[in-house]
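Observations on chain architecture
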Amino acid sequence: MRVYHSEELHEKTVLVLLTLERARDPAVHRDALADLAVELINNGLHYCFVKPLKDAKAGFILEQSASIGMAGAQQALAVVIRNIIGRMNGPQLLSVAQSLREFMR
């Protein structure tokens, strides 16, 4: 499955990854990486679930129900992602950055 992000989000992703990869201490950029991961997941959930419902013209009630459900899931995921990335050391963060780069290909 492939998710397409806006050019702006793509550029932001590249910038955060470059900053992290070039840092003496990648751990300084944990928050930026966590914020990026949350944004990418939110965008991906919208692209893969909410957008197809809108494209299918599923109706206002179904679209709103999906949006509300996704918002709850996104909030829960954000907490987990920030907790996990917030505890990673430099090499682990660089490994996550490498995985994100692979996903971008």
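Residues numbered from 1 in each chain as written. Predicted model: local features only at pLDDT ≥ 70, side-chain atom pairs only at ≥ 80, totals over all residues. Heavy atoms only, no water.

**Quick word on the packing of helix α2 (residues 30-55) against helix α4 (residues 90-103)**
Relative to each other, α2 and α4 sit at 30°, their axes nearing to 11 Å. Where α2 crosses over α4, the handedness of that crossing is left-handed. From α2, R30, L33, L36 and L40 reach across to α4, where they touch L93, V96 and L100. Classifying every residue of the contact of α2 with α4 by side-chain character gives six nonpolar, no polar and one charged. (Axes fitted to C-alpha atoms, helices over the stretch in contact; angles between N-to-C directions. Helix = DSSP H or I, 4+ residues; strand = E, 2+ residues; numbered from the N terminus. Left-handed = near helix turned anticlockwise from the far one by under 90°. Contact = heavy atoms within 4.5 Å. Nonpolar A, V, L, I, M, F, W, Y, C, P; charged D, E, K, R; others polar.)

**Considering the nonpolar core**
The biggest cluster of nonpolar side chains holds 18 residues, and the ones touching the most others in it are L33, L36, I85, L93 and L100. In this view, L93 contacts L20, P26, A27, R30, L33, I85 and M88; residues no more than four positions away in its chain are not counted. (Core = buried A, V, L, I, M, F, W, Y, C linked by side-chain atoms within 4.5 Å. Buried < 20%, exposed > 50% of the residue type's maximum accessible area, 1.4 Å probe, protein only.)

**What to know about the environment of V50**
Structurally, V50 is set in helix α2. Taking the C-alpha atoms as reference points, V50 and M70, separated by 20 residues in sequence, lie 8.2 Å from one another. Non-local contacts of V50, meaning those with residues more than four positions away in its chain, are made with L45, S67 and M70.

**Describing the side chain of Q74**
Tracing the sequence through the fold places Q74 in helix α3 (residues 60-85). For Q74, a relative accessible area of 19% puts it in the buried group. In this structure, Q74 is in contact with N42 and L45, ignoring residues within four places of it in sequence.

**Things to note about the pattern of salt bridges**
Close approach of charged atoms allows side chains of opposite charge to pair. Using the criterion set out here, one finds four salt bridges in the structure. Its salt-bridge partner being R82, residue D35 comes within 3.0 Å of it at the nearest N-O pair. Separated by 47 residues along the polypeptide, D35 in helix α2 and R82 in helix α3 bring together distant segments of the chain. What makes D35 partly exposed here is its relative accessible area of 37%. When its relative accessible area of 39% is taken as the criterion, R82 is described as partly exposed. Two residues, K51 and D55, come together in a salt bridge whose shortest N-O distance is 2.9 Å. Of the two residues, K51 and D55 are both situated in helix α2; the distance of four residues between them amounts to about one turn of the helix. Assessed through its relative accessible area of 35%, K51 is described here as partly exposed. (Salt bridge = Lys/Arg side-chain N within 4 Å of Asp/Glu carboxyl O.)

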